[in-house]
Amino acid sequence: MPTPERTVTIQGEAVAYEVRRSKEASQVRIDAGLDGITLIVPEGREVNTDDVMLEKGDWVLKQRERFARYRDQMPERRFEEGETFPVLGTDREVVVGNVLFSHITEKKIRLDSSRVEATSIKGELERLYREEARNYFTERAKHFSEVLGVGYEQIQIRNQKTRWGSYSQRTGTLSLNFRLLMASADVIDYVIVHELAHAEHPNHGPRFWRLVEQHVTDYEAKNEWLKENGTSLIFDGSSI
(Lines give C-alpha, C1' and ligand atoms only; values in the text may rest on other atoms or scores of the structure.)
Protein backbone atom coordinates (compact mmCIF):
# COMPACT_ATOMS: atom_id res chain seq x y z
CA MET A 1 0.00 0.00 0.00
CA PRO A 2 1.28 3.52 -0.78
CA THR A 3 2.27 5.68 2.16
CA PRO A 4 1.04 9.27 2.49
CA GLU A 5 2.70 11.62 0.02
CA ARG A 6 6.19 12.80 0.89
CA THR A 7 8.20 15.74 -0.42
CA VAL A 8 11.92 16.04 -1.13
CA THR A 9 13.81 19.06 -2.47
CA ILE A 10 15.77 18.22 -5.63
CA GLN A 11 17.93 20.95 -7.17
CA GLY A 12 15.84 23.56 -5.41
CA GLU A 13 12.50 22.11 -6.53
CA ALA A 14 9.98 20.47 -4.20
CA VAL A 15 9.08 17.03 -5.57
CA ALA A 16 6.15 15.06 -4.15
CA TYR A 17 6.30 11.26 -4.20
CA GLU A 18 4.75 8.17 -2.63
CA VAL A 19 6.44 5.06 -1.27
CA ARG A 20 4.98 1.62 -2.01
CA ARG A 21 6.15 -1.61 -0.39
CA SER A 22 6.07 -4.58 -2.76
CA LYS A 23 6.44 -8.33 -2.21
CA GLU A 24 7.15 -8.73 -5.93
CA ALA A 25 9.94 -6.14 -6.21
CA SER A 26 13.49 -7.50 -6.06
CA GLN A 27 15.16 -4.09 -5.99
CA VAL A 28 14.38 -0.47 -5.20
CA ARG A 29 13.06 1.42 -8.21
CA ILE A 30 11.29 4.67 -9.05
CA ASP A 31 8.14 4.65 -11.20
CA ALA A 32 7.05 7.84 -12.92
CA GLY A 33 3.60 8.22 -14.42
CA LEU A 34 0.77 10.58 -15.14
CA ASP A 35 -0.30 10.40 -11.50
CA GLY A 36 3.14 11.26 -10.12
CA ILE A 37 6.30 9.68 -8.75
CA THR A 38 6.27 6.41 -6.78
CA LEU A 39 9.25 4.83 -5.05
CA ILE A 40 8.92 1.03 -5.00
CA VAL A 41 10.71 -0.70 -2.11
CA PRO A 42 10.93 -4.49 -1.66
CA GLU A 43 9.02 -5.54 1.42
CA GLY A 44 11.35 -5.86 4.42
CA ARG A 45 14.05 -3.62 2.90
CA GLU A 46 14.94 -0.48 4.85
CA VAL A 47 16.11 2.50 2.80
CA ASN A 48 16.34 6.25 3.19
CA THR A 49 13.73 7.17 0.60
CA ASP A 50 14.82 10.80 0.27
CA ASP A 51 18.39 9.68 -0.44
CA VAL A 52 17.16 7.38 -3.22
CA MET A 53 15.19 10.23 -4.79
CA LEU A 54 18.16 12.59 -4.55
CA GLU A 55 20.51 10.04 -6.09
CA LYS A 56 18.22 9.83 -9.15
CA GLY A 57 17.37 13.53 -9.02
CA ASP A 58 18.13 14.42 -12.66
CA TRP A 59 16.02 11.51 -13.92
CA VAL A 60 13.14 12.30 -11.52
CA LEU A 61 12.96 15.95 -12.63
CA LYS A 62 13.03 14.99 -16.31
CA GLN A 63 10.23 12.44 -15.82
CA ARG A 64 8.11 14.87 -13.84
CA GLU A 65 8.44 17.45 -16.63
CA ARG A 66 7.70 14.84 -19.30
CA PHE A 67 4.51 13.64 -17.64
CA ALA A 68 3.38 17.20 -16.99
CA ARG A 69 3.48 17.69 -20.78
CA TYR A 70 1.61 14.43 -21.30
CA ARG A 71 -1.19 15.52 -18.97
CA ASP A 72 -1.72 18.53 -21.22
CA GLN A 73 -1.95 16.21 -24.25
CA MET A 74 -4.48 13.74 -22.81
CA PRO A 75 -7.65 13.33 -24.88
CA GLU A 76 -10.92 14.42 -23.33
CA ARG A 77 -13.24 11.43 -23.06
CA ARG A 78 -17.00 12.01 -23.12
CA PHE A 79 -19.24 9.04 -22.46
CA GLU A 80 -22.06 9.66 -24.90
CA GLU A 81 -23.27 8.42 -28.26
CA GLY A 82 -21.26 9.60 -31.23
CA GLU A 83 -17.98 9.80 -29.34
CA THR A 84 -15.06 7.69 -30.55
CA PHE A 85 -12.83 5.37 -28.56
CA PRO A 86 -9.84 3.46 -29.98
CA VAL A 87 -9.79 -0.34 -30.22
CA LEU A 88 -6.66 -2.05 -31.60
CA GLY A 89 -5.39 1.33 -32.76
CA THR A 90 -8.53 2.36 -34.68
CA ASP A 91 -11.09 4.91 -33.49
CA ARG A 92 -14.64 3.53 -33.39
CA GLU A 93 -17.91 5.34 -32.84
CA VAL A 94 -20.00 4.55 -29.76
CA VAL A 95 -23.57 3.58 -30.71
CA VAL A 96 -26.31 2.58 -28.27
CA GLY A 97 -29.13 0.43 -29.59
CA ASN A 98 -31.32 -2.63 -29.29
CA VAL A 99 -28.76 -5.37 -29.92
CA LEU A 100 -28.51 -8.90 -28.56
CA PHE A 101 -25.25 -8.06 -26.78
CA SER A 102 -22.67 -5.30 -26.73
CA HIS A 103 -19.92 -5.88 -29.28
CA ILE A 104 -17.24 -4.20 -31.38
CA THR A 105 -17.21 -4.07 -35.17
CA GLU A 106 -14.62 -2.66 -37.57
CA LYS A 107 -16.07 0.85 -37.24
CA LYS A 108 -18.46 0.84 -34.27
CA ILE A 109 -18.68 0.04 -30.59
CA ARG A 110 -22.28 -1.13 -30.30
CA LEU A 111 -23.67 -1.05 -26.76
CA ASP A 112 -26.80 -2.88 -25.70
CA SER A 113 -29.32 -0.22 -24.62
CA SER A 114 -30.71 -2.37 -21.79
CA ARG A 115 -27.25 -2.72 -20.25
CA VAL A 116 -26.63 1.00 -20.65
CA GLU A 117 -29.92 1.77 -18.90
CA ALA A 118 -28.93 -0.57 -16.05
CA THR A 119 -25.57 1.15 -15.58
CA SER A 120 -24.38 3.90 -17.93
CA ILE A 121 -22.54 4.28 -21.22
CA LYS A 122 -19.31 4.53 -19.27
CA GLY A 123 -20.05 1.46 -17.17
CA GLU A 124 -21.05 -0.74 -20.10
CA LEU A 125 -18.18 0.54 -22.24
CA GLU A 126 -15.63 -0.34 -19.58
CA ARG A 127 -17.22 -3.77 -19.06
CA LEU A 128 -17.00 -4.43 -22.80
CA TYR A 129 -13.39 -3.22 -22.98
CA ARG A 130 -12.41 -5.55 -20.15
CA GLU A 131 -14.24 -8.49 -21.74
CA GLU A 132 -12.68 -7.91 -25.15
CA ALA A 133 -9.27 -7.33 -23.58
CA ARG A 134 -9.42 -10.64 -21.71
CA ASN A 135 -10.42 -12.54 -24.86
CA TYR A 136 -7.81 -10.89 -27.09
CA PHE A 137 -4.97 -10.93 -24.56
CA THR A 138 -5.64 -14.58 -23.68
CA GLU A 139 -5.37 -15.57 -27.34
CA ARG A 140 -2.11 -13.66 -27.84
CA ALA A 141 -0.61 -14.81 -24.53
CA LYS A 142 -1.33 -18.43 -25.41
CA HIS A 143 0.40 -17.95 -28.76
CA PHE A 144 3.50 -16.30 -27.33
CA SER A 145 3.81 -18.61 -24.33
CA GLU A 146 4.12 -21.48 -26.81
CA VAL A 147 6.56 -19.57 -29.02
CA LEU A 148 8.75 -18.48 -26.10
CA GLY A 149 8.47 -21.82 -24.37
CA VAL A 150 7.30 -20.31 -21.07
CA GLY A 151 4.13 -20.71 -19.05
CA TYR A 152 1.79 -18.71 -16.88
CA GLU A 153 -0.97 -19.72 -14.48
CA GLN A 154 -3.57 -17.02 -15.07
CA ILE A 155 -4.24 -13.65 -16.67
CA GLN A 156 -5.48 -10.69 -14.66
CA ILE A 157 -7.11 -7.76 -16.43
CA ARG A 158 -6.42 -4.61 -14.48
CA ASN A 159 -6.40 -0.82 -14.77
CA GLN A 160 -2.87 -0.11 -13.63
CA LYS A 161 -2.06 3.57 -13.58
CA THR A 162 1.66 3.43 -14.30
CA ARG A 163 2.21 0.03 -15.89
CA TRP A 164 0.90 -1.73 -18.99
CA GLY A 165 1.65 -5.16 -17.64
CA SER A 166 3.55 -7.27 -15.13
CA TYR A 167 4.47 -10.89 -14.50
CA SER A 168 4.82 -12.60 -11.12
CA GLN A 169 7.29 -15.47 -11.06
CA ARG A 170 5.95 -16.38 -7.62
CA THR A 171 2.35 -16.93 -8.71
CA GLY A 172 2.71 -17.21 -12.49
CA THR A 173 0.20 -14.38 -12.91
CA LEU A 174 0.32 -12.31 -16.09
CA SER A 175 -1.33 -8.94 -15.40
CA LEU A 176 -2.31 -6.70 -18.31
CA ASN A 177 -3.92 -3.28 -18.39
CA PHE A 178 -7.30 -3.35 -20.15
CA ARG A 179 -6.55 0.05 -21.69
CA LEU A 180 -3.82 -1.63 -23.72
CA LEU A 181 -6.65 -2.82 -25.99
CA MET A 182 -6.72 0.76 -27.32
CA ALA A 183 -3.22 0.32 -28.79
CA SER A 184 -2.36 -1.33 -32.09
CA ALA A 185 -1.95 -5.10 -32.25
CA ASP A 186 1.85 -4.95 -32.63
CA VAL A 187 2.21 -2.80 -29.50
CA ILE A 188 0.02 -5.24 -27.55
CA ASP A 189 2.17 -8.13 -28.76
CA TYR A 190 5.30 -6.33 -27.55
CA VAL A 191 3.90 -5.85 -24.04
CA ILE A 192 2.80 -9.49 -23.81
CA VAL A 193 6.18 -10.75 -25.04
CA HIS A 194 7.94 -8.39 -22.63
CA GLU A 195 6.01 -9.66 -19.62
CA LEU A 196 6.18 -13.34 -20.56
CA ALA A 197 9.95 -13.01 -21.02
CA HIS A 198 10.08 -12.29 -17.29
CA ALA A 199 9.05 -15.89 -16.69
CA GLU A 200 12.55 -16.76 -17.91
CA HIS A 201 14.48 -13.66 -16.81
CA PRO A 202 13.18 -11.66 -13.81
CA ASN A 203 15.25 -8.54 -14.52
CA HIS A 204 15.95 -6.39 -17.58
CA GLY A 205 19.41 -7.73 -18.26
CA PRO A 206 20.99 -8.44 -21.69
CA ARG A 207 19.57 -11.99 -21.85
CA PHE A 208 16.07 -10.65 -21.20
CA TRP A 209 16.27 -8.13 -24.04
CA ARG A 210 17.77 -10.70 -26.41
CA LEU A 211 14.79 -12.96 -25.77
CA VAL A 212 12.35 -10.09 -26.40
CA GLU A 213 14.17 -9.08 -29.58
CA GLN A 214 13.91 -12.62 -30.97
CA HIS A 215 10.14 -12.19 -31.12
CA VAL A 216 9.72 -8.41 -31.46
CA THR A 217 12.65 -7.20 -33.55
CA ASP A 218 11.70 -3.52 -33.23
CA TYR A 219 10.87 -3.69 -29.51
CA GLU A 220 12.69 -0.40 -28.86
CA ALA A 221 10.33 1.43 -31.22
CA LYS A 222 7.29 -0.15 -29.53
CA ASN A 223 8.61 0.75 -26.10
CA GLU A 224 9.22 4.33 -27.23
CA TRP A 225 5.74 4.55 -28.75
CA LEU A 226 4.20 3.65 -25.40
CA LYS A 227 6.33 6.25 -23.63
CA GLU A 228 5.38 8.98 -26.09
CA ASN A 229 1.75 8.02 -26.79
CA GLY A 230 0.56 6.31 -23.64
CA THR A 231 -1.63 9.31 -22.85
CA SER A 232 -3.77 8.51 -25.90
CA LEU A 233 -4.76 5.24 -24.18
CA ILE A 234 -6.62 7.01 -21.38
CA PHE A 235 -10.10 5.70 -20.57
CA ASP A 236 -11.16 8.31 -18.02
CA GLY A 237 -9.67 10.49 -15.30
CA SER A 238 -9.14 7.52 -12.99
CA SER A 239 -6.69 6.09 -15.54
CA ILE A 240 -4.02 8.66 -14.75
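Residues numbered from 1 in each chain as written. Predicted model: local features only at pLDDT ≥ 70, side-chain atom pairs only at ≥ 80, totals over all residues. Heavy atoms only, no water.

Draft legend 1. Structural detail: the overall build of the protein chain. What the protein chain contains, in helices and strands, is seven helices and 11 strands. Rg of the C-alpha trace for the protein chain: 19 Å, near the compact-globule value of 18 Å for 240 residues, within the 12% margin. Counting only C-alpha atoms, the protein chain reaches 60 × 45 × 30 Å along its principal axes. Counting the 240 residues in the protein chain, one finds 43% classified as buried. In the protein chain, of all internal contacts separated by at least 6 residues, the share reaching a separation of at least 24 is 46%. Total accessible area computed for the protein chain in this model is approximately 13,000 Å², and 44% of it derives from carbon and sulfur atoms. (Helix = DSSP H or I, 4+ residues; strand = E, 2+ residues; numbered from the N terminus. Rg over C-alpha atoms; globule rule 2.2 N^0.38 Å. Buried < 20%, exposed > 50% of the residue type's maximum accessible area, 1.4 Å probe, protein only. Contact = heavy atoms within 4.5 Å. Areas by Shrake-Rupley, 256 points an atom, 1.4 Å probe, with all protein chains shown as cover.)

Draft legend 2. The arrangement of the sheet that holds strand β8 (residues 108-112) in detail. With mixed pairing, the four strands of this open sheet are ordered in space as β5-β6-β8-β7. Each of the sheet's edge strands pairs with one partner strand only, and the pair in question is β5 (84-87) and β7 (103-104). (Pairing = 2+ DSSP bridges.)

Draft legend 3. A look at the packing of aromatic side chains. By the definition in use, this model includes nine aromatic pairs. Centroid distance F79 to F235: 5.2 Å. Interplanar angle 55°. Geometry classified as tilted. With F79 in the loop between α2 (57-73) and β5 and F235 in the segment after α7 (219-229), this residue pair connects regions lying 156 residues apart in the sequence. For F235, a relative accessible area of 1% translates into the label buried. One aromatic cluster is present, formed by F79, F85, Y129, F178 and F235 through successive ring pairs. (Phe/Tyr/Trp six-rings, centres within 6.5 Å; stacked < 30°, edge-to-face > 60°.)

Draft legend 4. Region of the structure containing the sheet that holds strand β4 (residues 36-42). Here four strands make up an open sheet; going across it, the order is β1-β2-β4-β3 and the pairing mixed. Each having just a single partner strand, β1 (6-10) and β3 (29-33) make up the two edges of the open sheet. Across this sheet, the average inter-strand angle for adjacent strands is 35°, counted without regard to direction. Pairing between strand β2 (residues 13-22) and β4: six bridges, direction parallel. Looking at β4, one finds that R21 is bridged to V41. With respect to the sheet, α2 is in contact with β1, β2, β3 and β4, its orientation differing from that of β3 by roughly 20°. (Axes fitted to C-alpha atoms, helices over the stretch in contact; angles between N-to-C directions.)

Draft legend 5. Spotlight on α2. Spanning 17 residues, α2 covers 25 Å between terminal C-alpha atoms, matching the ideal 24 Å at 1.5 Å per step. Turning to α2, its buried residues are G57, V60, L61, Q63, R66, F67 and Y70. (Expected span 1.5 Å × (residues − 1).)

Draft legend 6. Representation of the packing of helix α5 (residues 185-197) against helix α6 (residues 206-215). At a minimum axis separation of 9 Å, α5 and α6 run at an interaxial angle of 145°. Regarding α5 and α6, the two cross each other, and that crossing is right-handed. Of the residues in α6, those in contact with Y190, V193, H194 and A197 of α5 are F208, W209, L211, V212 and H215. Its residues assigned to classes, the contact of α5 with α6 comprises seven nonpolar, two polar and no charged. (Left-handed = near helix turned anticlockwise from the far one by under 90°. Nonpolar A, V, L, I, M, F, W, Y, C, P; charged D, E, K, R; others polar.)

Draft legend 7. Just the pattern of salt bridges, in detail. This structure, assessed with the given rule, holds 17 salt bridges. E46 is the partner of R21 in a salt bridge, and the nearest nitrogen-oxygen pair spans 4.0 Å. With R21 in strand β2 and E46 in the loop between β4 and α1 (49-55), this residue pair connects regions lying 25 residues apart in the sequence. Since its relative accessible area comes to 66%, E46 is described here as exposed. Across the pair E93 and K108 runs a salt bridge whose closest N-O atoms are separated by 2.6 Å. Of the two residues, E93 sits in strand β6 (residues 90-97) while K108 sits in strand β8, which places them 15 residues apart along the sequence. The exposure class assigned to K108 is partly exposed, which follows from its relative accessible area of 25%. In this structure, a network of salt bridges that share partners links the residues E76, R78, E80 and E83. (Salt bridge = Lys/Arg side-chain N within 4 Å of Asp/Glu carboxyl O.)

Draft legend 8. Structural view of the pairing of strand β10 (residues 165-168). On β10, burial covers both faces: G165 and Y167 on one face and S166 and S168 on the other are all buried. Bridge count between β10 and strand β11 (residues 173-177): four bridges; the pairing is antiparallel. Counterpart to S168 in the pairing with β11 is T173. As consecutive antiparallel partners, β10 and β11 are separated by four residues, and within that stretch G172 has a phi angle of approximately 70°, a positive value.

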